[in-house]
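Structural overview
One letter stands for each residue in the lines below.
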Amino acid sequence: MDTGRSGRRFALVSGNVVALGAVSLITDVSAEMVTAVLPLYLVLGLQLSPLAFGVVDGVYTGATALLRVVGGFVADRIRRRKLVAGFGYALSAVAKIGLLLAGRSVPLIGAVIAVDRLGKGVRSAPRDALITASTPPESLGRAFGVHRTMDSVGAFLGPLVAMAVLLAVGRSYDAVFVTSFCVAALAVVVLVLFVRERPSQPPAGEPAAGDAPSPTDQADGAAGEDADGGKVAVREVFGLLRDRPARRLVTAAVLLGLATVGDGFVYLLLQRRENVDLSWFPLFAVGTSLVYLLLATPIGLLADRIGRLPVVLGGYAALGVTYLLLAGPVAGWPLLVLALTLYGVFYAATDGVLIALAGPVLPARLRTTGIALVQSGQALAYLVSSVLFGLGWQAWGPENAAGVAAVAVAAVLLVTVLLLAPAYRPVTRKVS
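For the structure given in this document, a descriptive report is provided here.

Definitions and limits used
- Residues numbered from 1 in each chain as written.
- Predicted model: local features only at pLDDT ≥ 70, side-chain atom pairs only at ≥ 80, totals over all residues.
- Heavy atoms only, no water.
- Helix = DSSP H or I, 4+ residues; strand = E, 2+ residues; numbered from the N terminus.
- Contact = heavy atoms within 4.5 Å.
- Areas by Shrake-Rupley, 256 points an atom, 1.4 Å probe, with all protein chains shown as cover.
- Core = buried A, V, L, I, M, F, W, Y, C linked by side-chain atoms within 4.5 Å.
- Buried < 20%, exposed > 50% of the residue type's maximum accessible area, 1.4 Å probe, protein only.
- Phe/Tyr/Trp six-rings, centres within 6.5 Å; stacked < 30°, edge-to-face > 60°.
- Axes fitted to C-alpha atoms, helices over the stretch in contact; angles between N-to-C directions.
- Parallel < 35°, antiparallel > 145°, perpendicular 65-115°, else oblique.
- Left-handed = near helix turned anticlockwise from the far one by under 90°.
- Expected span 1.5 Å × (residues − 1).
- Bend = angle between axes of the 7 residues up to and from the residue.
- Patch = residues over 30% accessible without salt bridge, like charges linked within 9 Å, V, L, I, M, F, W, Y side chains within 5 Å.
- Salt bridge = Lys/Arg side-chain N within 4 Å of Asp/Glu carboxyl O.
- Polar contact = N/O pair within 3.5 Å; in protein donor to acceptor, adjacent residues only side chain to side chain.

With that out of the way, let us pick up the overall build of the chain. Within the chain, the secondary structure is distributed over 17 helices and 0 strands. Put simply, 86% of the contacts in the chain that link residues at least 6 apart link residues at least 24 apart. In the form shown here, the chain has an accessible surface area of approximately 17,700 Å², with 68% of it arising from carbon and sulfur atoms.

Right, let's get into the nonpolar core. Across soluble globular proteins, nonpolar side chains show a tendency to be buried alongside one another. Counting residues in each nonpolar core, the largest one holds 93 residues, and the members touching the most others are Y267, L270, F284, Y323 and V374. Ignoring anything within four residues of it in the chain, the contact list for L270 reads N275, F284, L326, L335, L336, A339 and L340. Counting residues in each nonpolar core, the second largest holds 13 residues, with V34, Y41, L42 and L48 among its members.

Attention shifts here to the packing of aromatic side chains. Enumeration according to the criterion identifies 10 aromatic pairs in this entry. Ring geometry for Y292 and Y347: centres 6.1 Å apart, planes at 20°, overall stacked. Taken together, the positions of Y292 in helix α13 (residues 282-306) and Y347 in helix α15 (residues 332-358) put the pair 55 residues apart, joining distant regions of the chain. Residue class for Y347 comes out partly exposed when judged on its relative accessible area of 21%. Here F389 and W393 contribute two aromatic rings whose centre-to-centre distance is 6.3 Å and whose plane-to-plane angle is 85°, an arrangement assigned as edge-to-face. Of the two residues, F389 and W393 are both situated in helix α16 (residues 367-396); the distance of 4 residues between them amounts to about one turn of the helix. Grouping residues by exposure puts F389 and W393 together as buried. Members of the aromatic cluster, each reached through a chain of ring pairs, are Y267, F284, Y292, Y316, Y343, F346 and Y347.

With that settled, the discussion passes to the packing of helix α6 (residues 106-133) against helix α7 (residues 140-169). Taken N-terminus to C-terminus, the directions of α6 and α7 make an angle of 135°; their axes are 10 Å apart at the nearest point. With respect to each other, α6 and α7 are oriented oblique. Considering the relative orientation of α6 and α7, their crossing is right-handed. Counted together, R127, D128, I131 and T132 of α6 and L140, A143, F144, H147 and R148 of α7 form the full contact between these two elements.

Our focus in this paragraph is α16. Over its 30 residues, α16 runs 42 Å from end to end, which matches the ideal 44 Å to within 8%, given 1.5 Å per residue. Immediately beyond the C-terminal end of α16, within one or two residues, lies G397, with a positive phi of roughly 95°.

A few words now on the environment of L326. Among the structural elements, L326 can be located in helix α14 (residues 308-327). Each C-alpha atom, one on L326 and one on A406, is 9.5 Å from the other, the two residues being 80 residues apart in sequence. Beyond its immediate stretch of four places on either side in the chain, L326 contacts V266, L269, L270, R273, L335, E399 and A402.

A word on α15. In a regular helix each residue adds 1.5 Å, so 27 residues correspond to 39 Å; α15 covers 39 Å between its end C-alpha atoms and thus fits that length. Of all the bends found along α15, the most pronounced is centred on G352 and spans about 25°.

A separate point is a nonpolar patch on the surface. A cluster of nonpolar side chains, namely L186, V189, V192, L193 and F194, defines an oily patch on the protein surface of about 500 Å² accessible area. Positionally, F194 belongs in helix α8 (residues 173-194).

Attention now goes to the side chain of R308. Mapped onto the fold, R308 is located in helix α14. Separated by 2.8 Å, the side chains of R308 and D304 make a polar contact.

A few words on the pattern of salt bridges. Tallied over the full model, the rule gives 5 salt bridges. Of the charged contacts in the structure, one is a salt bridge between D128 and R127, with a shortest N-O distance of 3.1 Å. The exposure classification of D128 matches that of R127, with both residues buried. A salt bridge links D304 to R308; its shortest N-O distance comes to 2.8 Å. This pair shows no difference in class: D304 is buried, exactly as R308 is. Salt bridges linked by common partners bring R127, D128, R148 and D351 together as one network.

On their own, these measurements won't tell you what the molecule is for.
Right, here's the structure in full:
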């Protein structure tokens, strides 16, 4: 066994990536505890219409999208990505307590959800920029795959923890919210103690442990994170969108976001079609997360080998097939297994891989801002798509709305290929 070679491969995932993965894992346990019970609470408990739920679901992801750009810009300007990310994680933790105070008031619930998503919006781009800065360019797919795997472990455990709390105390959503806050607070502690703004580097001429340059050194040398010097100016952000590759990337991200329907709708449609007992509803999210966590790292490695754009396109193709299944004649266990599996494949092939595709395209000086633009574009598009799908559900019925969504995915994939394929060049070498 070539242990030296295996050690070098493992070293390509830096300690900072693992620490950030641990923070995301714990945070996702907290977030998915709430997400797992929210559709039931709003639609079946508070009797919200599909359109009203679409608005709330869109707010959950998209209403604070512009603040992602603000968070990214601030992180680039003050060069304190950990600080900005930590503020976002702390804000989301505090929002869990707000759910206790909102009671049955839908406007207050929407406001608290907006605060929670504000926290996610602020933290996402600085976190992904820290991952990019801590990884050699040729291994970004691997790094984001490992991070998203750890993140999805949290998404897998969150609904199970929520079910355990509900079984222990009865249908007390307050108990779920309190437990969620405690878990989110733990994530903030882990971030403060273990995540480094810039991973430590050995002195000049002195190799790191393992007789090989650290991935941080390689990444810093390749990216030139701070080579330009000086503070980032607002005009540079607008100049980023005048850069053709970045503009095409953001446009494609927005279009892909428009073709994405919220998880809550997918799971509610499955529950409606199969008349699944409500106590089993959180397991839909568990099934998706299980597939995601099993495939995120292998798909990240595949993206480094064959290219990230083909993998992203394949992920959205899986999403389109998921919508077709929801609109088609397949029923019973085959529908549940196929739909949740393909939905998990979609997330594994797109969530981290899209950011890995974007990282090398964006200038190091504005990388956090550029990642925030991509994420903000998708989040705003997601807000629109959730409202439109809610309208379609009410006007045409859920199955017909799912069929229209599948057609939209096919159309957006074609436009994405036209936007990105002509200018696409593999930025990184293939890795074995």
